[in-house]
Structures are given as structure tokens and as C-alpha cells.
Amino acid sequence: MKMWKKIAQGISAVSLLAILAACGSNGNSTTGPSNSASQQSTSSASPSAKETPTGETVEITFANWISVEEGTKEAYNQLIADFEAKNPNIKVKSLGIPFQQFKDQVLVNSAGGNAPDVSMANQNFTAAFVGAKVAAPIEDWVGAEIVSDIVEGSKSGVTYNGKVMAMPWAPHPNALFWNKALFQKAGLSPEKPPATWDEMTEMAKKIAALGKDEAGNPIYGIGENAATDSYTGNMLLRATLTYGGKFIDEKGTIVWDQGTALGDTLNHIKDLISSKVSPKGSDMKSLRGMFANGTLGMLIDGDFGRTNFRKMSGKGEAFDKEWGVTVVPAGKTGRSETVFTEHQLIITEGGKNKEAAAKFVTYLVSKDAMLIYHRLNGVMSSLKSVSSLPEMNEDEYANVFNEQMKTASPLPASNPKFDNAMKQASDMIVITTDANKSAEEAITLVMPKIKELYNQ
Amino acid sequence: MVARRGQSVEAVLSLIKKQTMDGVKDMSFRLSRQQKNMIFAAVLLLPVFIIMMLTIISPLISAISLSFSDYSLMSPDRSWNSFGNYIELLRSSEFYHSLKITLTYVGTTVVIDLLLGLLMAVLLNRNIRMRRFLRSIFMIPWAIPTIVTALIFLWIYQPDYGVLNYMLTSLGIMDTNISWLQSMDWALAAIIVVAVFRQTPLVCVMLLAGLQNISASLYEAAKIDGASGWKLFLHVTLPLLKPVISSVTLIMIVNNFQMFTLFFTLTNGGPAGSTSSLAILTYETAFSKYELGKGSAIGVIWLALLFVFSVLFTRYMNRNSEH
Amino acid sequence: MNTAKRMLFQKEGLTYILLFLLLSGFLFPVYWMFVTSLQSNSELMKLPPKWLPVQLNLGSYMDILSSSVFLTFYKNTFLVASGATVMCIFVSIFAGYALSRFRFKGSNMITLLLLSAQMFPTVTLVIGLFSQYQKMNLLNTLFVLILAAASTALPFSVMLMRTFFNSISRELEEAAEIDGASRFRTLFTVIVPLSKPGIMAIAIYTFLIAWDDFLFGLTLVSDLDKRTLSPGLSLTFLGEYSYNWSGATAAAVTATLPLLVAFLFLQRYMVEGLTAGGVKE
């Protein structure tokens, strides 16, 4: 009798404790998404209606993937702290979602009626968010003034059916990084990067001919993405631009496989990988690691490269001396062809505090925020007024990327399945390099699948 | 606020329980023993039902109903599409391709799991030094979360700096590095190795428990009959272990069908679809192509396949052990 | 005599050789995780690999221990795993007892239902779960994760407890009933104390399942301060820019260590519990 009671008491205490502890931490947040059902009805009201009376603190949720990753967490923390200091009545709650699952999770959250107020995105993700009606037209919320300040290339990338749906935050034009020490070793001038695409290939081959360094690390001339992910597809698309290719025409029809550009590009990559000028099957993250440890001669990468290389090499700023950066060499088209990937911000249709969300987005792209972000991560701004500031063009590094931005094309991500199409496209590289099929075979195998995705 | 809700749920639950119990007491003089038993059993089974209802049955029902519609994240139309999803799936080569990969993966993994697990269990069941310590040590891989295991192997398999290529080339077993996870020939095998690494310990523990259930007198008897070594193992140990093996097999098959984390983290279905298992196909269909209806349909077919298989399997194993 | 001894010795020798081979195969990745965590990322990207951590670099561990998000991930995972374990123990004692002691129509159906519930892909299940919990206002609570982990562990645990109870003689309960004890009291005073090994086994099993969960934690919770370890690790180390092998493995070691310690002490209960439960359906 007694024992049963004791056990029962103990047990209920323990289970209650666990359950309380589990829910308890949610108890004090009064503006969390869970109890805002009542506010939801008001959220669809027109933007001019003031939703937040002064003095009351609102909490907005910000879905992002940068808050804890090593390279970006410092910038993230400073930005949020600065914003909250400037807007004492708005609190930002971070929804950290892993990059690999980011798009899917934001879609599930929004479809399930639990959309974040603001979400980070990139071109690939934004297309999906617009398609799934997750994104609210950003121009209705941040005002026409900011929207007209967006640089043209970025603006066209976020305009869907004539409406600007996402706020370009930081464009990342891809430029060419080269390793000066390896250039020297291969008998090339360390201060003279390639000026043409063919020269670049030649140089890459010379560097790869070094074989191995003293410790036995393999040396590669240039890094081409060849993994199974959409980033590899994006980079393949970038390379086809140099060969005069194009993904879609003005009407949105896929024209990638028309002409010889795609085949030429695949042959080029196949040649590089099979002759071990470029590593096989690498994703961008591995390639960056190799560039940072000094075994990769050249790499086409974005403006965040410097920060990443400093961290990965373990040498900090001292590593800057070992490499240079220049615009991507011109190929068939005679112009420096590259793409820019871009971090963007969206305000969600289902978000409950659009006013505060708009303030937050406006802050994140403002001069104050961009100066912090630029200082820490070397990123650029998508706003004309900010990118022209002297503080954003303080050194050669920034100048190269600003120069590159002038000829960089936005990713043609208007279709919600663009991300999927890009992942599918990476198969072409695998088929040519791993299965050793011809470029034509790869194109015949994969392109119909991509067109099927687009219902074409 | 949620804490309060938690408490109120608790309160309601205990109230229900109390009332049910009171009800049982009130009726006790009227009810037959059989009826009392049934009510008691029902009360005992209530929690498991509530939990299964909340976590599996109700989302399962909604998924099944979704599977008959075109429902997509891009167009929230939930109207009946007269088996459209199923017809499309059963006609697409993608589905059979994924099914084949899944069957290869599950089959190979489970067989290796069982063989290695059995070997390990037999060895650890012997009278060896430091037996308890060794048994604990062998369990370590099981305590490592799957995603962590995936990370470790991502690093071990790294083509240029991974330790596996380094070992194999410096031992002279191969002369060039292999990109294990980016090679159409090796990727699936590489995933299977990771799965086996993590799962074998669990199989081993269960088989070890089974071995300990076999009483020593049976062995003695067999020994007197002149059996030894292999014969003892084949004619005494294995038959007696059969029920355990069969349930372990079933559990491992069902679990491996579910395997998503390893595929997603290690290869993401690549290279060129060579590791695109059913779990990956479902995820891609639902989240990359946004076709939730079709994604659910894959799940339903998968459920049906496994269900039929497990019924047949259990029956077969039962019949065999009755011999 | 001598030959017999030698044969015995050989056999024993073979046992140890096989054990050693298996052990090195299964523990090398664990060792490698440990060695990797003790080097800096730039050291790691240099051949030849260092078999022993010559230059100890504890930087990654410092980063983790000083990062408050990580402590939150641990705390959350621990709460979820303990909560799920407690919940699973109770529910499977009840259900296992009912299935063991009372034969009724559909009791086989229940067993089959429990098992087949595991056969539907979690990936698809999660979509339905999400909107359901949204309606119940349970998203972003650790409670849903407890529920989800418990339900994953339940089928096996219920089966195990049922087999376990089957092996306990009914006479004990009959005696208690004659003494006038209620059924619930009998269950907890007579039966449960005899089932300790079984309970330990399902406790370890459930705890490990909850500790391992990735998909539920990823989908049903998105607040950074409610994140559990697996999605948290993915968020931190499988990011957009770079691989941080040293950090990832250091986090992995810290995530695994408490379990390892627990294992060294509890492993024998697991085997005992499973043995007594007969590990069959």
C-alpha cells in the first residue's frame, strides 16, 4: 500500500517535472507565434493600419541559417543587438533552420500556418517562397523609396509578375580568387591573373602539373563544383554563360540545351576533372577548404570568400597576402561572365507583425547594418546609395567585387522549381565525369527531366 | 501559458482516469469478472491509444486522404484526382528505381547487420576476459546520434584528406583516391557501411540476450550426443535463436526502410540518382517538387508493401519454428 | 591432454583475434572522431593525417563550452529524452500488462497496428503532424518532441514488456487479489518491482531513440532556444559556407560522451532486460 503510493507519487512528480520543464520555457514569452491566433485576423489589414501601439513590445520571428554558423554568427549577433538597441520595442527571435533543409522547413511552417515574420532567402529559395505564396510583396511594406534604390540587376531578380517580392540584402558576385604561391611555383607571375578563359585553363593545367606539394597534398589548378546539389547546378550555369549560353529566354522557356554552350561547358569541366586539374566530385565547401589550405590554384567564389578563407586557413588576416582576386576572365562572349548569388529577405504573407517586420528588413539593408556586415564579412550591398559609400569601397577587394557586380547576371530563378532544376542539372557533371559518358549523352539524359519540372 | 495548458491537460486526464476508475468501482458489484477485466484492460490501453492517435494515426489518415488529391504547396487544391498519384507513380521509372535502391540497401544492410551482430554476440557470450567492459565498448556506435555518425563518415570518406583513402593508398590496396560518396559505383556501399556501423551493436545486444536465454543444459545434452563446435552452433544455437533473429530482422527492416538522415546528409540522393532511396524520393516529391499528394501516395504504397511483407514474414517464421 | 589444451588455447586465441578485428573496425571511426576534434581545421587539411593528436588543440571544445546555444541544445535534448523515457515506461507497462494478461478479440490487431505504425515514412507523416500540432498550439514546445520520441519507441517497448510480463507467473497476482488489493496496486507493488530489468532496457532504448531524433526536432520546433542536438548540429556544422570538421567532431564527442558513460554502467541492464524479455514478440 505504502509502496504503491510512494511509487505513484515519485512517478507523477517526475513526469510532471519533465512535462513542465518541457513546456515551461515557453511560458514567459507572451508574444510567441503560438498565441497570436487572434492577431492573425488583423494582420491582413492594409499596411497603413498601425498595428503596434507605441510602448508595447512586439516580438518578430526571423527564420535564418546564419545565426550560429561559424563564419556568420558574429555578424548576426551584432546586427540583432544593434537593431534591438535602435528599436527598443521590437524583439527579434531567431528561428535557426539548417541551410540544407531551409527552404523545405519554411514552406512547411508557412503551409502549416506558422510562418515566420521575416525569412532569409536566396534566389533559389525566393522563387519557391513566391510560388507557394509565402512571400508578401515587399514593396507594399518597405516603401517605394527603398525599392527604387535597389541596383537594377538585383531588382530584376526579385521582380515577379511586375512586383518586387523580396528585398535583396547582399549580392555575392562570383569573382576569381587565385593563389599567388602556387602561381609562382608553377612558373607563372604571381601578380598576373589570367585575362581570358583559355589562359585560365592553361594556367590551371600548369599548376596541376605540380602534382603534389612537399607534404604529399595533391595540388589542383582550379576548383569546379561537381557534387549533387543545386549550388553545383548554379555554378554550371555560370560557366555556360561564358560559352554564350543562357538558361531561359524572355518567355521563360528553357533554352539551355540549345546551341553548343552547355555541351562545351560540360566538355570543359569533364576535361578538367578527368585530367585531375580539378578535384572530382567536390562541393563548394570542400573546394573552399582546399583553397584555404593552399592546394587549389584558382577558385571562382563570392565576396564572402575572404572571411571564410581567413577562418579556414587558421592564419587570419595574414592569409590575405597569399592570394589575389580579380574579375572572372572573359570567354567566348568577350565579357566577364558570371552570376551573383544573393542573400535576400522576405516578409511573409502569414506573418503577424508586418509593420515591425518591415522595420527590421529596412534596418538590415540600411547603411548602419551593411557597414557592420561589410566590415565583418566583406559583403556588399544591393542598394545603390549604400554600395556607393566610400566605406563600402575601401580597398582593392571591395573594388573588384563592385566591378564584377557590373557584369554579373542574376540567377534566372523565376520558376519555383529552379532549385530542383539546378540540383537535377548537377547530374550532368556526374554523368560525364563519373559514368564517363559524353556531354551529349548527359544532356539527352538530364535535360528532359529539367523541362518536365518546368512542364515544358 | 503553455505550462498552464500542460497542467490543465494533466488535470483533465487525471479526472477522466478518476471517473473511469470510480465508474469501475461503482459497477463492480454488477459486472461479471470478464467484463471487469475488459474495462481494466481498456483503461490500461488508453494511454497508448492516445499517444498513437496523436502522433501516428491521425496524421496517417490525413496523409492517406492527401494521397488521393493533387494537393501541392503551389496550389492548395485538395480535390479527388481518381488515383492519379498512384497511377503516375506506378508508371514512373523513378519509383521502381528508388524501390530497387531501397531494397538493395535494406537487404544488404540487414544481412550484414545480422551476420556481424551474430558473430559479435557469440564472441561476447563466451567466457572471455573483461567481458562486461568489452560488451559496453562494443555498444558505443549505437550511442552516437545518426547525424553525428554521418558527419564523421563524411570526413572519413573525404576524397583528398579523408583517412580511408589515405590508408588504402598507403597500404597499396589502391593507387588512386576514390570519391566514395560521389561515385555512382561506391556511394550506396559507402552508405551501407555507415548504417552497419551504427546498427550492428543494437542487433548484437538483442542477439546476446537471446543467447543468454538458451540454457546451458541444452548444450550439455548436445555435447553428450557428441556434437561440437559448428554442429552445436547449427543444430542447437541457431534454431533456438530463431524467434529472436526473426523479430530483430523485422525491426531492422522496418527501421532501415525509414532511413533518411544518412542518405540526405551523405549523398542527398546522388550522384545522378544512384542513392535516391524511397525516403529521398518522398522528400524530393513533397518538398522539392511540392507535390504533397504524390509524396503521400509513395508513403501509402510503402506502408502497404511493408505491411504485407511483415505479415508474411511473421507467418513464415512462426510456421518454421513450429517444425 | 596437451593437445586438448592447445586446441582450447587456439580457440580462445581465435576469439580474441576476431574480437580485436571487430573492435578495431567498429571503434576506429569513434577514435577518429576524437582525434579530429583535437586538431584545428587547418591542421586537418594536411596530409599525412595525424594518427595521434600531437599538438593538442582544445579550441573547438572551448568554442562549444562557451557557446550558450550549445548548452541549450544539450538541455533541450536531455529534457526531451528523459521526458520521453518516463512517458514510454509508463505507457508500455500499462499496455504490455494489458496485452499479456487479457486475451480479447483484436489484441493481435493492436500488436499489428503498433508495429505497422512504424512503417509509414516519417517524412510524410511530419506534414500531417505539423498542421495538427499547429491547431493544438503545441508547435515549438519540447512536449511534442517528447510525444513523438515516445511514440517511436513505443511499439518495441510494449512488445518487450508484454513478453516480460508473460514470464511472470499469474499466481502472484491471484494471491494479491485474494488479499483484496486493487488491480492497479497489484500491478505496481507486485509486478513492476519484478520487471526492473525490462524497464531498464526500454528506458535505455527510448532514451537513445529520443537522443537520436532528427526529423521531428527539425520540423516541429524552429525556435533556436528549443532546438535539440541533431538539428542543432546540422544548423551549426552543415552550414552554407564551410565544413568545420574540428568543431563538428568536438560537438559530436560532447554529444556522445554522456551517453557513453551511462552505457558503461547501464549496458548490463540492457542485456539483462532483453534477456528476461526474451526479445521476441
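- Labelled according to an unreviewed UniProt entry, chain A appears under the name Extracellular solute-binding protein, originating from Cohnella silvisoli.
- In the Sequence similarities (unreviewed entry) part of its UniProt record, chain A is described as follows: "Belongs to the bacterial solute-binding protein 1 family."

Re the overall build of chain B
And then number 1: Helices and strands together make up the secondary structure of chain B, namely 14 helices and 0 strands.
And then number 2: Starting at the N terminus and ending at the C terminus, chain B contains elements arranged as α-α-α-α-α-α-α-α-α-α-α-α-α-α.
And then number 3: Here chain B, with 323 residues, has 57% of them falling under the buried criterion.
And then number 4: Within chain B, counting contacts between residues at least 6 apart in sequence, those at least 24 apart form 66% of the total.
And then number 5: Of the roughly 14,300 Å² of accessible surface on chain B, a fraction of 64% belongs to carbon and sulfur atoms.

Topic: helix 3 (residues 59–66) of chain C
Residues and elements named next belong to chain C.
And then number 1: Buried within helix 3 we find S60, Y61 and I64. Take helix 3 and look down its axis: the buried residues cluster within an arc of 95 degrees, on one side only. Turned more than 90 degrees away from the buried face of helix 3, the exposed residues are M62 and S66.

Thoughts on the confidence of the model for chain A
And then number 1: Overall, the predicted model of chain A reaches an average pLDDT of 85, with 88% of residues at or above 70.
And then number 2: Note that pLDDT drops below 50 for residues 1–52 of chain A; the model gives that stretch 65 contacts with residues more than four away or on any other chain.

Focus on the interface of chain C and chain B
And then number 1: Contacts between chain C and chain B engage 96 residues on the former and 99 residues on the latter.
And then number 2: Taking both partners together, chain C and chain B bury about 9,200 Å²; carbon and sulfur atoms supply 80% of that area.
And then number 3: Per-residue buried area on chain C facing chain B is highest for F26(C), M119(C) and F120(C); these three make up 8% of the total on that side.
And then number 4: Counting every contact that joins chain C to chain B gives 1 salt bridge.
And then number 5: The salt bridge partner of D212(C) is R198(B), with a shortest N-O separation of 3.1 Å.
And then number 6: On the surface where chain C and chain B come into contact, there are 11 residue pairs in polar contact (both at pLDDT 80 or more).
And then number 7: Per-element accounting of the side of chain C that touches chain B gives the leading share, 16 residues, to helix 1 (residues 2–37) of chain C.

Considerations on the packing of helix 2 (residues 33–66) of chain B against helix 6 (residues 122–135) of chain C
And then number 1: Contact pair helix 2 of chain B / helix 6 of chain C: the axes reach a minimum separation of 8 Å and the direction vectors enclose 105 degrees. Considering the angle they form, helix 2 of chain B stands roughly perpendicular to helix 6 of chain C. Here L54(B), T55(B), I56(B), S58(B), P59(B), L60(B) and S62(B) of helix 2 of chain B come into contact with helix 6 of chain C, specifically with L125(C), G128(C), L129(C), Q132(C) and Y133(C).

Structural notes on the packing of helix 15 (residues 354–365) of chain A against helix 16 (residues 367–377) of chain A
Residues and elements named next belong to chain A.
And then number 1: Helix 16 packs onto helix 15 with a crossing angle of 50 degrees between their chain directions and a minimal axis gap of 4 Å. What the angle tells us is that helix 15 and helix 16 run oblique. On helix 16, the residues that touch Y363, L364 and V365 of helix 15 are K367, D368, A369, M370 and I372.
And then number 2: Here the residues of the contact of helix 15 with helix 16 are counted per class, giving 6 nonpolar, no polar and 2 charged.

Things to note about the interface of chain A and chain C
Interface size is commonly expressed as the accessible surface area that is lost when the partners come together.
And then number 1: Facing 55 residues of chain A, the contacting portion of chain C comprises 44 residues.
And then number 2: A buried area of about 4,600 Å², summed over both sides, lies between chain A and chain C, and 61% of it is on carbon and sulfur atoms.
And then number 3: Put simply, chain A and chain C have 2 salt bridges between them.
And then number 4: Note that D225(C) and K93(A) form a salt bridge whose closest N and O atoms lie 4.0 Å from each other.
And then number 5: There are 10 residue pairs in polar contact (both at pLDDT 80 or more) connecting chain A and chain C.
And then number 6: Listing elements by their share of the side of chain A that touches chain C, those giving two or more residues are helix 1 (2–24), strand 2 (90–96), helix 4 (102–111), helix 13 (284–292) and helix 14 (305–313) of chain A.
And then number 7: For the side of chain A that touches chain C, the element with the highest residue contribution is helix 1 of chain A, accounting for 11 residues.
And then number 8: Tallied by class, the residues present in the side of chain A that touches chain C amount to 24 nonpolar, 25 polar and 6 charged.

Quick word on the pairing of strand 3 (residues 118–122) of chain A
Residue and element names in this part refer to chain A.
And then number 1: Most of strand 3 is tucked away, with 5 of its 5 residues classed as buried.
And then number 2: Residues V118, M120 and N122 point to one face of strand 3 and S119 and A121 to the other, with burial holding for every one of them.
And then number 3: The sheet contact formed by strand 1 (residues 58–64) and strand 3 spans 2 bridges and is parallel. Pairing of A63 across the sheet is with S119, part of strand 3.
And then number 4: Where strand 3 lies against strand 11 (residues 338–347), 5 bridges are found, and the strand directions are antiparallel. Bridged to M120 within strand 11 is L345.

Rules of the game
Numbering of residues starts from 1 in each chain and follows the order in which that chain's sequence is written. Starting at A for chains and at 1 for ligands, labels are handed out in the order in which the entities are written. Predicted model: local features are reported for residues with pLDDT of at least 70 only, side-chain atom pairs are reported and counted for 80 or more only, and whole-chain, interface and lining totals are derived from all residues. Hydrogens and waters are ignored; side-chain quantities use all the structure's heavy atoms. UniProt positions are given in the numbering used here, feature names are shortened, and annotations may be inferred rather than shown by experiment. In DSSP terms, a helix is any run of H or I states spanning at least four residues, a strand is any run of E spanning at least two, and both are numbered starting from the N terminus. Each residue is assigned to one of three classes by its accessible area relative to the maximum for its type, calculated with a 1.4 Å probe on protein chains only: buried under 20%, partly exposed between the two thresholds, exposed over 50%. Contacts between residues were defined by any pair of non-hydrogen atoms, one from each residue, lying within 4.5 Å. Each accessible area is a Shrake-Rupley result for a 1.4 Å probe, and residues are judged covered by the shown protein chains and nothing else. It is the directions from the helix axis to the C-beta atoms whose arc is reported. Values of pLDDT, which run from 0 to 100, indicate the predictor's confidence residue by residue. Note on terms: buried area is the combined drop in 1.4 Å-probe accessible area of two parts once they are placed together, counting the loss on both. In the sections that follow, a salt bridge refers to a side-chain nitrogen of Lys or Arg positioned within 4 Å of a carboxyl oxygen of Asp or Glu. Here a polar contact is recorded for every N or O atom pair within 3.5 Å, except that within protein the pair must consist of a potential hydrogen donor and a potential acceptor, and residues adjacent in sequence are included only if both atoms are side-chain atoms. Structural elements are reduced to axes, namely lines fitted to C-alpha atoms, with helices fitted over the stretch in contact, and the angle between N-to-C directions of any two is expressed from 0 to 180 degrees. In these notes the angle categories are as follows: under 35 degrees is roughly parallel, over 145 is roughly antiparallel, 65 to 115 is roughly perpendicular, and the rest is oblique. Each residue receives one of three labels: charged for Asp, Glu, Lys and Arg, nonpolar for Ala, Val, Leu, Ile, Met, Phe, Trp, Tyr, Cys and Pro, and polar for the others, Gly being one of them. Paired strands, in this sense, are two strands between which DSSP finds at least two bridges.

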